[in-house]
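Tertiary structure, described
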Amino acid sequence: MTFHRLYTDILPPDTFTDPFCYEPHPLCLMAVNDLIGRIEKPENTSNTAFLNEARQGKMFGVLVAQKPQPSASGAMPIGYIAAYSGQICGKSNWQGFVPAAFDYLQTGGYFKLHEQEISDINKKVETLETDNHYLQQQQELHLLHREAERTIEEYKNTIRKAKEKRDRLRLQTPTNATDETNMIRESQFMKAELKRMKQRFRAAIAEKETLLKDKEAEIELLKKARKQKSDALQRWLFEHFTMLNAEGERRNLIDIFAEEAGKMPPAGSGECCEPKLLQYAYRHRLHPLCMAMFWYGASPKDEIRHHLHYYPACNGKCKPILSWMLRGLPVAPSATHFATTPNRPTTCAPYTIALSPTNATSVPDIPIVYEDEAIVVINKPAGMLSVPGKACALSVYDLMRMRYPDSNSPLIVHRLDMATSGLLIIAKTKNAHRILQRQFAEHTIRKQYIAVLDGVPDSCRWPSAGIISLPLRPDLADRPRQLVDFEHGKEAVTEYKILRTAGEETRIALFPHTGRTHQLRIHCAHPYGLNCPIKGDNLYGTRSQRLYLHAESMEFIHPVSGRCIKLSAEAEF
């Protein structure tokens, strides 16, 4: 059974969930609790493999809907359908869950046959690239290159020493014509010998390369064929993912991404929970009421996902698809992105400014901590952008440009996340801006942040003070999120000091040694970090009234006087 009845007096929402910005509706909370029970209490032992893989980490989703046929009482039955992203144990059709939007995994089907062709090419490439004779030839060529470089460099040193010796002889004693002729001949011979040496090595290298050429050409042809087949199969797949919307229209993924994003769909598009749920609902004439997605199981190594926390849909794969699929469906006004736990009530009262940048008379006052002819340091409130964004709300830049209309400086030297409050330096002159930016680039500016963590770090792993070092990079499929990536990430280092703990919260001082995007938030939230998100972190933790992160103090060299400036602004939490 795919449609699971919910027996409740809870009223459904007037509009459907915005999957990118939402707070789970009570009906979704009820559905999730029921689904977790079904996941953890499989009806038969054949589901053991399902549960074991789910526990390794998987995104699940529920969509609460009404059936079109009334029940015996005349009321429209309310229930939910459930989905998981991708496959579990290689299957997309486990009992009790909606199937894939397009089932391409049939044994002997088009996808499987062509996928096998690509796998066969992979095996051929691997066989060729790991052939012992081929590897030996590669090693011999590598060693020959090194021998050539070493031998030629040594002979060049010999030539230099011989020239130095001839020069000394010419200075120490007068040389006759015979001596001079012999020295010239020696020089000419050594230069000619160097040329012959280079030619011999070039010939030997060319011979080795010829032996490898045919094998490398064969490998290159196989790789080219593999790419062509892979691209063709991917295109075939996206052409057959035909997605419905609430108006009954159909469009494949290639057309959807071309219109919404102007690009080809990324791998895995259409296989997340949200498209699966909406597709099933539309196909079976269910009326969608609300939807929620949550993570189940272990946290992944790169992105931050916590067991039983809710998450918005990803931007890279899902935004174009859902923008199409939600057409014709009344959607709730956007809230702030967040993650929370199923049974934990949350509230949100973010700091916002809805003033027009052109209305100078309505410019709000921002607390100024320090000001002179070159710089001004403000205490930025939480919820205000440092620089203009897509929204129409005023940014620090807008306000500073109004305050200093004649300044020729870019003004903003560094940034704080919109949700972060605290000290921000503004440069009123170009020279001050240049000098301060260099200090930031060279990491000579000392900053201290105060944060409240949602939890208490494990004292066995994390003492009361220490260093967190986790390399970071952007999540290209879901900006502005960042990922921990030990291979491609950039170094990110944070010093921390636990100030006190109270119940399930920790007050902590953070000292960033680098300035990566969301560095402090990830270093606190990630399982390889403190594993305690900052309270109110709507991207990596639990939503609250605000993000409890404040840039409390800063120490830098004044760009004009050269004095050391130390400033602080106490956190209001």
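Residues numbered from 1 in each chain as written. Predicted model: local features only at pLDDT ≥ 70, side-chain atom pairs only at ≥ 80, totals over all residues. Heavy atoms only, no water.

1. Observations concerning the UniProt feature "coiled-coil region" (unreviewed entry) in the protein chain
Those residues carrying the UniProt feature "coiled-coil region" (unreviewed entry) are residues 111–235 in this numbering. For residues 111–235, the end-to-end C-alpha separation is 11 Å, with 95% helix and 0% strand making up the annotated structure. (UniProt positions renumbered as here; feature names shortened; annotations may be inferred. Helix = DSSP H or I, 4+ residues; strand = E, 2+ residues; numbered from the N terminus.)

2. Brief notes about the sheet that holds strand E1 (residues 4–5)
On the basis of which strands lie adjacent, the open sheet formed by four strands has the order E1-E3-E2-E6 and antiparallel pairing. The outermost strands of the open sheet, each flanked by one partner alone, are E1 and strand E6 (287–296). (Pairing = 2+ DSSP bridges.)

3. Some points on the side chain of Asn252
Looking at the element boundaries, Asn252 is found in strand E5 (residues 250–252). A residue is classified by how much of its surface remains accessible, and Asn252, at 16% relative accessible area, is buried. Looking at Asn252, its side chain comes within polar contact range of the main-chain nitrogen of Ile254, at 3.1 Å. Reaching out from Asn252, the side chain makes a polar contact with the backbone nitrogen of Asp255 at a distance of 2.8 Å. Leave out the neighbours within four places in its chain, and Asn252 touches Phe238, Glu239, Phe241 and Thr242. (Buried < 20%, exposed > 50% of the residue type's maximum accessible area, 1.4 Å probe, protein only. Polar contact = N/O pair within 3.5 Å; in protein donor to acceptor, adjacent residues only side chain to side chain. Contact = heavy atoms within 4.5 Å.)

4. So, the domain arrangement of the protein chain
Taken domain by domain, the protein chain comprises domain 1 (4–102 + 241–326), domain 2 (131–225) and domain 3 (368–568). Between the C-alpha centres of domain 1 and domain 3 the distance comes to 35 Å. On the domain 3 side, the residues contacting the 18 residues of domain 1 number 19 residues. Carbon and sulfur atoms make up 50% of the area that domain 1 and domain 3 hide from each other, which totals about 1300 Å². At the junction of domain 1 with domain 3, the criterion picks out one salt bridge. Here Glu23 ties to Arg543 by a salt bridge, and the two come within 3.7 Å at their closest N and O atoms. Inspection of the domain 1/domain 3 interface yields seven residue pairs in polar contact (both at pLDDT 80 or more). A class-by-class count of the residues in the side of domain 1 that touches domain 3 yields seven nonpolar, five polar and six charged. (Domains from an automatic or database assignment. Buried area = accessible area lost by both parts, 1.4 Å probe. Salt bridge = Lys/Arg side-chain N within 4 Å of Asp/Glu carboxyl O. Nonpolar A, V, L, I, M, F, W, Y, C, P; charged D, E, K, R; others polar.)

5. Points about the packing of aromatic side chains
In the structure shown here, the tally under the stated rule is 19 aromatic pairs. Three or more aromatic residues joined by ring pairs make a cluster, and in this case those are Phe50, Phe60, Tyr84, Trp94, Phe97, Phe294, Tyr296 and Tyr310. The ring centre of Trp94 lies 4.0 Å from the NZ or CZ of Lys91, which sits over that ring. Sitting over the face of the ring of Tyr311, Arg305 holds its NZ or CZ atom 4.6 Å from the ring centroid. (Phe/Tyr/Trp six-rings, centres within 6.5 Å; stacked < 30°, edge-to-face > 60°. Lys NZ or Arg CZ within 6 Å of the ring centre and 35° of its normal.)

6. A closer look at the packing of helix H3 (residues 110–129) against helix H5 (residues 177–240)
The interhelical angle for the contact between H3 and H5, taken along N-to-C directions, is 160°, at an axis separation of 10 Å. As far as their axial angle goes, H5 and H3 are roughly antiparallel. Here H3 and H5 pass one another in a crossing that is left-handed. Across the interface between the two elements, Tyr110, Phe111, His114, Glu115, Glu117, Ile118, Ile121, Asn122, Lys124, Val125, Leu128 and Glu129 of H3 pack against Lys215, Glu218, Ile219, Leu222, Lys223, Ala225, Arg226, Lys229, Ser230, Leu233, Trp236 and Leu237 of H5. Of the residues that constitute the contact of H3 with H5, the class distribution is 12 nonpolar, three polar and nine charged. (Axes fitted to C-alpha atoms, helices over the stretch in contact; angles between N-to-C directions. Parallel < 35°, antiparallel > 145°, perpendicular 65-115°, else oblique. Left-handed = near helix turned anticlockwise from the far one by under 90°.)

7. A word on the pattern of salt bridges
For the structure shown, the criterion picks out 28 salt bridges. Measuring nitrogen to oxygen at the nearest pair gives 2.7 Å for the salt bridge that ties Arg38 to Asp34. One end of the pair is Arg38 and the other is Asp34, both in helix H1 (residues 26–40) and four residues apart, which spans about a single turn. Taking the relative accessible area as the measure of exposure, Asp34 reaches 29% and is therefore partly exposed. Salt-bridge contacts for Arg481 lead to Asp478; the nearest nitrogen and oxygen are separated by 3.3 Å. Taking the relative accessible area as the measure of exposure, Arg481 reaches 5% and is therefore buried.

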